[in-house]
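# Secondary and tertiary structure notes
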Amino acid sequence: MNSFTDNMLFSLFSVSFLAGVLLFFIPSKNRFLPQKTAFYLSIAVFVTTLVAFCMYYSGFRPEMFTAVIPWVPELDLKVHIGTDRFSMLLILLSAAFLPLSVIVSRNARRSAGFFYACLFFLQSALTGLFSARDLITFYFFWQFSVLPVFFLTGVWGGKGRISAAGKFFVFHAVSSLLFLLGIFYIADNVHYLTGKWLFSFDAVVSAGLSATVQTTCFMLLAPAFFLRLPFFPVHTWFTGLINENKPGANIMIAGIFVPSGVFAFLKIIMILLPAGVRFFAPYMVYLCAAACIYCALMAWAVPALSRTIAYLMAVQYPLIMLCLFSFSSDTVSASLFHMASLSISSAVLFALCGAIESRMKTPMLSDLGNLTRTMPWFSVFFTMAFFSLAGVPCMSGFAGMYSMFTDIFSRFPVPAAAAFAGTALAFICCLRTVYNVLADKKKTLHEPFTDLNIYEICSVAPLAVLLLIPGLFPVFFSNAVTHDSIICMSQQEQSRGNR
Amino acid sequence: METVNISAMIAVSPVFLILSAIFVLCAGIIKPLRGAECYAALLASLVALVFMRFPATEISLFGGLAVINGATALVWYVLLTALAGSIFVSMSYRLQHPGTYYFLMFVSAAASMLVAAADNLIFAFAASETALLPLYFLTACRRGRQGIRAAYRFSVSGILFAALSMVGLAFLNYSCPSLSFTELSKSGLPGGLALVGFILFLSGFTFKLAALPFNFVFRDVFSGAPGAVAAYMASAWTLSGLPVLYKIYSLFYSGPVHNFFPTVAVLTVAAGSLSAFYSQDLRKTGTGLLCAGIGFCLLSFSGEKGGEIALLYHIPALAASAAGLFLFSLYFEKEEIAIPMSGLSGFADRHPVVALSAAVCLFSAAGLPPLGGFFAKFIILFTLLRNGHFMLAMTGIFCLLFSVLCSLKLISYVFFSNAAESADGAVSTYPEQKSLKSGRNEVSPAVNLSIFLLAVFLSVYGIFSKYFLGKISAFF
């Protein structure tokens, strides 16, 4: 495979990117034209990705999913792209969230074409990010994915959008430049060890960087990834962004942009810099635990529904990180499984937030109540998503959370207990939110809301089913990520061995 | 034989430009051609551009005073494109003496082409001064008192540094038998008078590049000059000096002259980025970003062979982004007023395509993906790393941060400000917008088209960087 055009991953990236370009030039005067075009294009992107996903899983022409292409031969710079099951799953999820975000954002009027274009550019950038197999390509897509989010927030956000977008951009700019510095430091050391300028993940693993170098690189690279997660104490951009953004943008941000931080941590930090992770793990696990408790308490305190969901998500990511620090393939696979589940539940929740917002301008928790009677479909999906987020049995969130806690309690008892306390608080907060929004009969709404329409039901229902089935058959679905986590751990062992 | 003939056509370009200059100057006195100077100028610049070819072999001009190779041809392409673009944009200007205006532009462009091809220090100096002289007049041609003040500062400092260069050349001429680069490289490391000569010459010549400390002069010059002239100067004239400086850098592998460049480069990048970051004026921000970009070009010198590729890849990206930013400023151009960034509020609501195109130029100048500027800066930093200049690369990265943050400021004004209330409905007009709108000059469609084309170029240049880098690598 020696060209981009024969590569399926490149095609997936290009389809979304070109769709974004097309949408940008669609005149927004006709309100329905950008919306309809975006919807059909998002379906096309999803179908293409689904076909690619099926091809990959069936093992059909595997050479179409990997490529090493010379970029600047004079400088030995090459582009490495490839995929594995976990990456493919994330690519599929990003494509699945696209039609959902388009449907939820149907009320976007101002520069609607540009808005939808940003969603497509974000999906395209994340597809590239999940396909990257070398540090330069990864950095390129990492940076590229920041721009659509910046515009989505700054242009279409609420009243505090400028400060939210500014904070997001400044945080990401600083951490990204540290990331770039880290890449150069890695490359310099790989060159010192091998005599070649190599950036591919495999080459860095094979080079066997020293523990000191890995620790230094961890300090340079980790801030970027922790920031995106979002990780306490640099999580404030996330809650601010979620609060200001349109729900359609939130679906993409919370559903797939944020999980890309976990992906980056797994693929770069865990595999390339295991010594750095081991050095910092004893301290980081306590930070993870503190983050769980802090975010759970914040989830109780915030008045807006979207912000509550954001904090409830921010409880789960430190928990996932805690599992990644355990270095056990079982725990890693459980955390990846949980991340996929979290991604879906957050997408569903923000889609429902969007549905509420389209009917009522400010979805504050204090203004919502007793929606079960007027919005039965909404209530069903809302309950399912919140239960999954909370980790109620039979939901996909439970399966991942159960496996994670059983393992981390044996490895880090004190941080695990603290994280458990945070998760328990979040659990109660979830139940309280569900009760307040759906069943609190003391609140009387000024006007009854109409239930979800057919488009909303059709777009949310498949994702809601995805929240249920993995909870009922966890073994089948966890196999999808177990394979990758075993490979990840074996690569990590190889990296340690080389050192 | 035929290939050589076609390649040799490139050598005709400066002569063709001079002839065109004379033609447009005389067009004013030929009755049927009166008023058509701009079309004649545009046609001539396009013809020069269309007939440009990359030479198959190195072509020597004027008895070895100038040499044209692939790298020179690339710079010439950039120059001619900038010239054609500036003429295209200037067509909307109501000029008192259009013939003179286009004459000056052609002369400056032709001389800048010779600067880029110069293989001799005296020739480089003479061409550089010839290119500079018309720009003093062009700076003042349209913008009243502000333009005249800018031209005055420009000419005074230009003459001062020309004098410095001339003294340097005199010293060099006294110490070295010949001032051609081939001979200079044979004469070994300069010492004593020759060293003083080099330092003086370089001090004067870096003025042309708006390198530190001259970036502060250029802040005023670019603020005062008409938009089209500022765009031309930023994208063509300043960059045409880079090949000469690279040749001087390549003369020696150590010593003070060699070490002069990384030092100036780092200071220029830092000063440019910081100045862009702190400026509250669109033109000054553009100048700061241009200065930072030129600093990156100077940094690429330390990247040796890879650095050459990086430099040549960076030049078109930098030219396009700088031109885009200065053309964008035309939207806010009004005599005697600065262009405060607060005046950009809500611009994207009125001109979404132009706003996004300007954003593309800005992001490219700041080094954000997937644009040409990102790849150019990345390759420059990588070649520095390859050659063991880790600290230089690190400094470049830290300075990039300020450029990136500067883009945040500008984008916030263009896209985000004053749009809160109109987020869900029709665009609302604010008193501030109204006053700016009423006080602003009408912008011709040529400006829209130019900015859009520049943005498309920067995107294509970045996305298909592999193709362009392959073409550039073929020069070596």
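Residues numbered from 1 in each chain as written. Chains lettered and ligands numbered in written order. Predicted model: local features only at pLDDT ≥ 70, side-chain atom pairs only at ≥ 80, totals over all residues.

With that out of the way, let us pick up the environment of A:Phe46. Note on placement: A:Phe46 falls in helix α2 (residues 32–58). If we ignore the near neighbours within four places in the chain, the residues touching A:Phe46 are A:Ala95, A:Ala96, A:Leu98 and A:Pro99. (Helix = DSSP H or I, 4+ residues; strand = E, 2+ residues; numbered from the N terminus. Contact = placed C-beta atoms within 7 Å.)

All names here are of chain A. Assigned domains of chain A: these are domain 1 (1–144) and domain 2 (145–498). Contact with domain 1, which involves 39 residues of that partner, is made by 46 residues of domain 2. Only α3 (85–104), α4 (112–131) and α5 (135–144) provide two or more residues apiece to the side of domain 1 that touches domain 2. When residues of the side of domain 1 that touches domain 2 are assigned to their parent elements, the largest contribution, 13 residues, is made by α3. Of the residues that constitute the side of domain 1 that touches domain 2, the class distribution is 26 nonpolar, 8 polar and 5 charged. (Domains from an automatic or database assignment. Nonpolar A, V, L, I, M, F, W, Y, C, P; charged D, E, K, R; others polar.)

Tallying the contact residues gives 32 residues for chain A and 33 residues for chain B. For the side of chain A that touches chain B, the secondary structure elements donating two or more residues are β1 (67–72), α5, α6 (146–156) and α7 (161–194) of chain A. A total of 14 residues in the side of chain A that touches chain B trace back to one element, the largest contributor, which is α7(A). Looking at the side of chain A that touches chain B residue by residue, the class counts come to 22 nonpolar, 4 polar and 6 charged.

All names here are of chain A. In terms of residue burial, strand β2 (residues 77–81) counts as a mostly covered element, since 5 of its 5 residues are buried. Side chains Leu77, Val79 and Ile81 project from β2 onto one buried face, and the interleaved Lys78 and His80 project onto a second face that is buried too. One ladder, built from 5 bridges, connects β1 with β2; its direction is antiparallel. Following the sheet pairing, Val68 is matched in β2 by His80. In this antiparallel pair of consecutive strands, β1 and β2, the connection spans 4 residues, and Asp76 shows a positive phi of 60°. (Buried ≥ 20, exposed ≤ 12 C-beta atoms within 10 Å, placed from the backbone. Pairing = 2+ DSSP bridges.)

Another aspect to go through is the environment of B:Leu79. Residue and element names in this part refer to chain B. Structurally, Leu79 can be placed in helix α4 (residues 70–90). C-beta crowding within 10 Å serves as the criterion here: with 31 such atoms nearby, Leu79 is assigned to the buried category. Leu79 sits 169 residues away from Ile248 along the chain, and the two C-alpha atoms are 21 Å apart. Apart from the residues within four sequence positions on either side, Leu79 is in contact with Ala109, Ser112, Met113, Ala116, Ala236 and Ser240.

Moving on, we come to the packing of helix α15 (residues 304–328) of chain B against helix α21 (residues 445–463) of chain B. All names here are of chain B. Two elements in contact, α15 and α21, have axes separated by 9 Å at closest approach and are oriented at 150°. Taken together, the axis directions place α15 and α21 in an arrangement best described as roughly antiparallel. When the axes of α15 and α21 are compared, the crossing they make is left-handed. On α21, the residues touching Pro316, Ala317, Ala320, Ser321, Ala323, Gly324, Leu327 and Phe328 of α15 are Val447, Ser450, Ile451, Leu454, Ala455, Phe457, Leu458 and Tyr461. Here the residues of the contact of α15 with α21 are counted per class, giving 13 nonpolar, 3 polar and no charged. (Axes fitted to C-alpha atoms, helices over the stretch in contact; angles between N-to-C directions. Parallel < 35°, antiparallel > 145°, perpendicular 65-115°, else oblique. Left-handed = near helix turned anticlockwise from the far one by under 90°.)

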